[in-house]
Amino acid sequence: VQLVESGGGLVQPGGSLRLSCAASGFTFSNYAMRWYRQAPGKEREWVATITSAGGSTNYADSVKGRFTISRDNAKNTVYLQMNSLKPEDTAVYYCYTKLIQTTRWVDYWGQGTQVTVSS
């Protein structure tokens, strides 16, 4: 199982970025996907979730109305469109999924991609 994030970078406040997470090693279309983030000196926090078919999404209050999670099951990729970025959105962003393996659920994380919002 691999989750590989990309798309991070430096952006000015009010700007936009789109993060991608390419998944492999499992049947992507069967599983919900999430984005998390971790700012310096803070705990990792949940950002957004999308169901396996993409029919339902949920967001943390801090990003609701500004971020959009989506997925392309044909490309085994989940996205996070981030608009109206604020300095407090600065963090390492991680892709996450939880897979059933035999009789237990196993957590998988990507390596993370840095997003810095600064003028």
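1. Details of the packing of aromatic side chains
Applying the stated criterion to the full structure yields six aromatic pairs. Both rings, one in Tyr36 and one in Trp109, keep their centres 4.9 Å apart while their planes meet at 65°; by these two values the pair is edge-to-face. Of this pair, Tyr36 sits in strand 4 (residues 33-38) while Trp109 sits in strand 10 (residues 104-109), placing them 73 residues apart in sequence. A relative accessible area of 13% means that Tyr36 is categorised as buried. Judged by centre distance (4.7 Å) and plane angle (55°), the ring pair of Tyr96 and Trp109 falls under tilted. Taken together, the positions of Tyr96 in strand 9 (residues 91-101) and Trp109 in strand 10 put the pair 13 residues apart, joining distant regions of the chain. On the accessibility criterion, Tyr96 (5% relative accessible area) is buried. Through a chain of ring-to-ring contacts, the aromatic side chains of Tyr36, Tyr94, Tyr96 and Trp109 assemble into a single cluster. The aromatic ring of Trp109 is capped on one face by Arg44, whose charged end is 4.5 Å from the ring centroid.

2. Considerations on the state of the cysteines
Applying the stated criterion across every chain yields a total of one disulfide. Sulfur-sulfur distance for the disulfide between Cys21 and Cys95 comes to 2.1 Å. Here the S-S torsion is close to -80°, and the disulfide linking Cys21 with Cys95 is therefore left-handed. You can see Cys21 sitting in strand 3 (residues 17-24) and its partner Cys95 sitting in strand 9, a full 74 residues away along the chain. Like Cys95, Cys21 is buried.

3. Focus: unusual backbone geometry
Positioned with a positive phi, Ser84 is a non-glycine residue whose angle comes to about 50°. With respect to the helices, strands and loops of the structure, Ser84 is situated in the loop between strand 8 (77-82) and strand 9. For Thr102, which is not glycine, the phi dihedral falls at a positive 55°. Note that Thr102 resides in the loop between strand 9 and strand 10. Assessed through its relative accessible area of 77%, Thr102 is described here as exposed.

4. Side note on the side chain of Thr90
By the secondary structure assignment, Thr90 is in the loop between strand 8 and strand 9. Overall, Thr90 belongs to the buried group, its relative accessible area being 18%. From its side chain, Thr90 meets the backbone oxygen of Pro87 in a polar contact 2.9 Å long. Apart from residues lying up to four places away in sequence, Thr90 is in contact with Ala39, Pro40, Gln114, Val115, Thr116 and Val117.

Reading the values: rules and limits
- Counting from 1, residues in each chain are numbered in the order their sequence is written.
- Since the coordinates come from a predicted model, pLDDT governs what is reported: local features require at least 70, and pairs of side-chain atoms require 80 or more to be given and counted, while whole-chain, interface and lining totals use all residues.
- Hydrogens and water molecules were not included; the side-chain quantities draw on all heavy atoms of the structure.
- By convention, a stacked pair of Phe, Tyr or Trp rings (six-membered ring in the case of Trp) has centres within 6.5 Å and planes under 30 degrees apart, an edge-to-face pair has planes over 60 apart, and any other such pair is tilted.
- Numbering of helices and strands runs from the N terminus; a helix is a DSSP stretch of H or I covering at least four residues, while a strand is a stretch of E covering at least two.
- In this scheme, a residue with accessible area under 20% of its type's maximum is buried, one over 50% is exposed, and one in between is partly exposed, where area comes from a 1.4 Å probe on protein chains only.
- We call a charge positioned over a ring when the NZ of a Lys or the CZ of an Arg lies within 6 Å of the ring centre and within 35 degrees of the ring normal.
- Any two cysteine sulfur atoms lying within 2.5 Å of each other are counted as a disulfide.
- Between N or O atoms, a polar contact is any pair within 3.5 Å; within protein, one atom must be a potential hydrogen donor and the other a potential acceptor, and residues adjacent in sequence are included only when both atoms are from side chains.
- For this analysis, residues touch if any pair of their heavy atoms sits within 4.5 Å.

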